[in-house]
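Coordinate inspection notes
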Amino acid sequence: MARRADADLIEALETARIHPLWDRYRRITPIRPDAPDDAGVWRWRDIEPFATRAAREVAVEDIERRALILAHPAFGGETVTTGNLIAAFTVLEPGDRAVPHRHTASAIRFATRAEGAVTIVNGRRCAMLEGDLVLTPPMCWHGHINEGDDRTVWFDAANIPLVNALHANFFEPGSRADNAFWEVDEGDERLWQEAGLEAEGHAHEAAHSPKFRYPGTATRRLLDAASPGADGAKTVRYVNPLTGGPVMPSLDCYARRLVAGKPTRPRRMLCSQVCLAVSGAGRSTVGEETFEWSRHDVFTVPQWSWARHEALGGDADLFVVTDRPARESLDLMRDELG
Ligand code: GTQ
Ligand code: FE2
């Protein structure tokens, strides 16, 4: 093959730590986004035995978190579930305490079988009843405790890959000896429990929601009352009550009810989605793949993949977490119905 006319120049440039754009613009400005991953599917029946083993084999006193992170192999061994996001299940035995800490990454937990567990967030006791969402916004102190008589498990998601891509992770360990951390009540969470009412004199400066716990009872009531949206599913967005915007500047959460006999229209979004099956069962097509799921299975919709969902044998509820607000703040968001 003939050596290209600019080969000597390119070599000299590279030696001088300069890259010629003309030689690599297809790589640095691709025609369209191409997620490295395809749909990831993790079945609860495959995860649960590992949760049991981790609970038995790993003492919570010896570790930071007993979390099993769902890692998609397309990320080359990196701990990533889908672009910018990790999803996990955390397991606690009765009496277990997961040590307090805080970090710049944003996280949420959604209670699957967590009755008896409590997450303390910045001095507020947040119960984890079935279907409750608990936020741990950037740099808020948080620890978990199982005060019940049974093993507890919940679903976690966090934007750790995004924060690391931005080289913006700070982490501050708390103390295992700090007993006062656990001795709190609901505290200021009470200020935000009454929808449509706002108490004066409680300034909240942070960009994230002042409300940390979103009870499952309220979510299910609103899903019952809501009408299907443009894609055919009922969708309830968890919002910051002060702004009506996302719960945190870089994580967005939704509860979705797939109505029996009403498959959703295909939709693609320029954000990553992790979906947890909360109740019922269904079938989804994500990109080229079609798969079925049932309660507490997790699947991903990589960015810019066409996705459609349908409930099987009655309505089905999904909990969905996305990095949408991060994309929106960069003016990168696209959202299309097919
Ligand atoms: O519960 O604090 O799955 O910091 C990953 C990182 C859970 C947590 C995870 C975390 C946590
Ligand atoms: Fe954490």
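Description of the structure in this document. (Residues numbered from 1 in each chain as written. Chains lettered and ligands numbered in written order. Predicted model: local features only at pLDDT ≥ 70, side-chain atom pairs only at ≥ 80, totals over all residues. Heavy atoms only, no water.)

This next bit is on the site of ligand 1. Taken together, Arg65, Ala67, Ala88, His101, His103, Arg109, His142, His144, Asp156 and Ile160 are the residues near ligand 1. Measuring from an oxygen atom of ligand 1, one finds a side-chain N or O atom of His142 at 2.9 Å. Measuring from an oxygen atom of ligand 1, one finds a side-chain N or O atom of Asp156 at 2.9 Å. Calculation on ligand 1 without its partners gives an accessible area of 290 Å², and the protein chains cover 91% of this total. Contributions of two or more residues to the shell around ligand 1 are made by β4 (97–103) and β9 (142–146). Class assignment for the residues of the shell around ligand 1 results in 3 nonpolar, 4 polar and 3 charged. (Near = heavy atom within 4 Å. Polar contact = N/O pair within 3.5 Å; in protein donor to acceptor, adjacent residues only side chain to side chain. Areas by Shrake-Rupley, 256 points an atom, 1.4 Å probe, with all protein chains shown as cover. Helix = DSSP H or I, 4+ residues; strand = E, 2+ residues; numbered from the N terminus. Nonpolar A, V, L, I, M, F, W, Y, C, P; charged D, E, K, R; others polar.)

Looking now at the sheet that holds strand β11 (residues 171–173). Within the open sheet, the 5 strands sit side by side as β7-β6-β9-β4-β11. Their pairing is antiparallel. Where the open sheet ends on each side, the last strands, each with one partner, are β7 (124–127) and β11. Strand-to-strand, the axes of this sheet are offset by a mean angle of 25°, without reference to chain direction. Pairing analysis gives 5 bridges linking strand β6 (residues 117–121) to β9, with the strands arranged antiparallel. Across the sheet, Ala117 pairs through a bridge with Asn146, a residue of β9. (Pairing = 2+ DSSP bridges. Axes fitted to C-alpha atoms, helices over the stretch in contact; angles between N-to-C directions.)

Moving on to the coordination of the iron ion (ligand 2). Each protein donor to the iron ion (ligand 2) is listed here as His101 (NE2), His103 (NE2) and His142 (NE2); together their distances run 2.1 to 2.2 Å. Binding-site remark: the iron ion (ligand 2) is held by donors from one chain whose sequence spacing is H-x1-H-x38-H. Judged by relative accessible area, His101 falls into the buried class, the value being 4%. Assessed through its relative accessible area of 12%, His103 is described here as buried. (Donors = N, O, S within 2.8 Å, 3.2 Å for Na, K, Ca; no water. Buried < 20%, exposed > 50% of the residue type's maximum accessible area, 1.4 Å probe, protein only.)

Considering all chains together, one arrives at 31 salt bridges under this definition. Arg43 serves as the salt-bridge partner of Asp297, at 3.6 Å between the closest nitrogen and oxygen. Linking Asp297 in the loop between β17 (289–294) and β18 (298–301) with Arg43 in the loop between β1 (41–42) and α3 (44–57), this pair joins segments that are 254 residues apart in sequence. Judged by relative accessible area, Asp297 falls into the buried class, the value being 3%. Close ionic contact of Glu130 with Arg295 constitutes a salt bridge, the shortest N to O distance being 3.2 Å. Placement of Glu130 in the loop between β7 and β8 (133–136) and of Arg295 in the loop between β17 and β18 is noted, with a sequence separation of 165 residues between them. The class for Glu130 is partly exposed, based on a relative accessible area of 40%. The network of salt bridges with shared partners includes Asp231, Arg256, Arg267, Arg324, Glu328 and Asp335. (Salt bridge = Lys/Arg side-chain N within 4 Å of Asp/Glu carboxyl O.)

Bringing the side chain of His208 into the picture now. With respect to the helices, strands and loops of the structure, His208 is situated in the loop between β11 and β12 (213–214). With near-sequence residues (within four places) excluded, His208 lies in contact with Pro137, Pro138, Cys140, Asn240, Val247, Met248 and Pro249. (Contact = heavy atoms within 4.5 Å.)

Another aspect to go through is the pairing of β7. Residue alternation in β7 divides its side chains into a buried set, Arg124 and Cys126, and an unburied set, Arg125 and Ala127. Relative to β7, β6 is paired through 4 bridges, and the arrangement is antiparallel. Across the sheet, the residue bridging to Val118 is Ala127, located in β7. In textbook terms, the turn of a hairpin is the stretch between consecutive antiparallel strands, and for β6 and β7 this stretch comprises 2 residues, one of which, Asn122, has a positive phi near 45°.

Another point: a nonpolar patch on the surface. Taken together, the side chains of Leu21, Tyr25 and Ile28 define a hydrophobic patch exposed on the protein surface, amounting to about 310 Å² of accessible area. By the secondary structure assignment, Leu21 is in the loop between α1 (7–15) and α2 (25–28). (Patch = residues over 30% accessible without salt bridge, like charges linked within 9 Å, V, L, I, M, F, W, Y side chains within 5 Å.)

For the rest of this paragraph, the subject is the nonpolar core. Counting residues in hydrophobic clusters, the biggest one holds 33 residues, and the most contacted among them are Phe89, Ile108, Phe155, Tyr238, Phe319 and Val321. Those elements giving two or more residues to this core turn out to be α3, β3 (86–92), β5 (107–113), β8, β10 (152–158), β14 (252–258), β16 (273–286) and β19 (307–322). When neighbours within four sequence positions are excluded, Val321 is seen to be in contact with Leu85, Ile108, Phe155, Ala157, Leu251, Asp252, Cys253, Ser272, Gln273 and Val274. Counting residues in each nonpolar core, the second largest holds 16 residues, with Ala277, Val301, Ala307 and Ala316 among its members. (Core = buried A, V, L, I, M, F, W, Y, C linked by side-chain atoms within 4.5 Å.)

Take the packing of aromatic side chains next. According to the stated counting rule, one finds 9 aromatic pairs in the structure shown. Taken together, a centroid distance of 6.2 Å and an interplanar angle of 80° make the contact between Phe155 and Phe319 edge-to-face. Within this pair, whereas Phe155 is found in strand β10, its partner Phe319 is found in strand β19, the two being separated by 164 residues in sequence. Taken together, a centroid distance of 4.9 Å and an interplanar angle of 80° make the contact between Phe181 and Trp182 edge-to-face. We note that Phe181, like Trp182, is buried. Cluster of aromatic residues (ring-pair linked, three or more members): Trp44, Phe89, Phe110, Phe155, Tyr214, Tyr238 and Phe319. In this arrangement the basic side chain of Arg124 is found over the ring face of Phe212, its NZ or CZ atom lying 4.1 Å from the centre. The positively charged end of Lys211 is found above the aromatic ring belonging to Tyr214, 5.0 Å away from the centroid. (Phe/Tyr/Trp six-rings, centres within 6.5 Å; stacked < 30°, edge-to-face > 60°. Lys NZ or Arg CZ within 6 Å of the ring centre and 35° of its normal.)

Function cannot be inferred from these measures alone, as they are strictly geometric.
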